[in-house]
Amino acid sequence: MQVAPISFDRFNTLRDEEAQERIRAARARLGKKAVLLVHHYQRADVYQHADLTGDSLRLSHLAGQSDADYIVFCGVHFMAEVADILSNPHQISILPDLAAGCSMADMANLAKVERCWRELTEVLGESPDKQITPVTYINSAADLKAFCGDHGGIVCTSSNARTILDWSFAQRPKILFFPDQHLGRWTAHTMGIPLEEMVVWDPDQEYGGLTPEQIRNAKMLLWKGHCSVHQMFQPAHIMRWRNKYPDGIVISHPESPFEVCRQSEHVGSTEYIIKTIKAAPSGTRWLVGTELNLVSRLAEEVKADGKIVEFMSPTVCMCSTMQRIDPQHLAWTLENLADGNIVNRISVPDHEAKLAKLALDRMLAVS
């Protein structure tokens, strides 16, 4: 029997232990009607309840494969949007806390990307559709994925960025890459594209702050955006660590600044980092440049194998917006679902979802 929705105010002051008990009880009531997708960066007290875990690419694949009525996404807003776009029509995507956004995704919005496209038209003398493939990192809003779908573009993740750039250059000679400049720059660098053929487009300046000649000569137009977590890693952190542990190995996420990636033995996605360290010989020591929750969890998992995993930054550095999904919000969400009430539904408008799915389907087909 359905009852009135429960206000979050009744959960906000729950002790963590009580919230955990209520999560377990609500899940038992729901059975297979709800599936919990949890990103690797999620806090441990939520991560423990996951049905399925992964990075953005893995979770994109998984979003449409569950038979559950409710997809409860313990990640951030753009991830729940992807789940809504790729899931079946009867499925409902839910984000336990609507405040769980992404500062990087917020650095590019549709109005600024459309203005960029108009300014590129003026400079190039024809529609950019003939010269530029728009590529959006999955860490972006659904309307930007729809923009890419509408303009022959595509979505990428940190796992498949090189494959996606190869595909994109096969379509047109230039790429507009948003919102993370660091992933775009590092990926293009690994493909042999010179740094001088990559320029940063500042959306707060006319024509991105670039001259017509810079725009015409560039192969990569990199949006001026970044991840606030990975931006904190610095080459100095690596140098100090190497002085203490000359035999240690550095591994970084490609959202890190270029010089950090260049000084790392390994650079790759969250899944790549996990697999590389787990496959490494016993006794190895690692410095890891990615989100703190993941690094801490990984350090515990490989400790028994005699491996030491350390976090790169001396400053606590976690995804603060994802951190907002706590046991209290999860308990509130699940209890409402168990009572037949849907809270915090993420629903992408049909016209937008159709175009965004074009860009996502291109990605999934290529990768």
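1. Some points on the overall build of the chain
The helix and strand tally for the chain stands at 15 helices and 14 strands. At 21 Å, the chain has a C-alpha radius of gyration in line with the 21 Å of a compact globule built from 367 residues. By its C-alpha atoms, the chain is 65 × 55 × 35 Å across when sized along the principal axes. A total of 367 residues make up the chain; the buried ones form 57% of that total. A sequence separation of at least 24 residues applies to 67% of the contacts in the chain between residues at least 6 apart. When the 37 positive and 45 negative side-chain charges of the chain are each reduced to one mean point, those points stand 3 Å apart.

2. With respect to the sheet that holds strand β9 (residues 220-223)
Read from one edge of the open sheet, five strands run β6-β5-β7-β9-β8, paired in parallel fashion. The two strands at the open ends of the sheet, each matched to only one other strand, are β6 (154-156) and β8 (198-201). Neighbour-to-neighbour, the strand axes of this sheet turn through a mean angle of 25°, independent of strand direction. In this sheet, β9 lies alongside strand β7 (residues 174-178) in parallel orientation, the contact comprising three bridges. Note on β9: the bridge partner recorded for L176 is L221.

3. Points about the pairing of β9
Here β9 shows no split at all, with M220 and L222 on one side and L221 and W223 on the other all buried. Pairing analysis gives four bridges linking β8 to β9, with the strands arranged parallel. Opposite V199, over in β9, you have L221 as the bridge partner. Read from β8 through helix α9 (residues 212-217) to β9, the crossover connection turns out right-handed.

What counts and what doesn't
- Residues numbered from 1 in each chain as written.
- Predicted model: local features only at pLDDT ≥ 70, side-chain atom pairs only at ≥ 80, totals over all residues.
- Heavy atoms only, no water.
- Helix = DSSP H or I, 4+ residues; strand = E, 2+ residues; numbered from the N terminus.
- Rg over C-alpha atoms; globule rule 2.2 N^0.38 Å.
- Buried < 20%, exposed > 50% of the residue type's maximum accessible area, 1.4 Å probe, protein only.
- Contact = heavy atoms within 4.5 Å.
- Lys, Arg positive; Asp, Glu negative; His and termini not counted.
- Charge placed at Lys NZ, Arg CZ, Asp CG, Glu CD.
- Pairing = 2+ DSSP bridges.
- Axes fitted to C-alpha atoms, helices over the stretch in contact; angles between N-to-C directions.
- Right-handed = clockwise from strand over helix to strand, strands pointing away.

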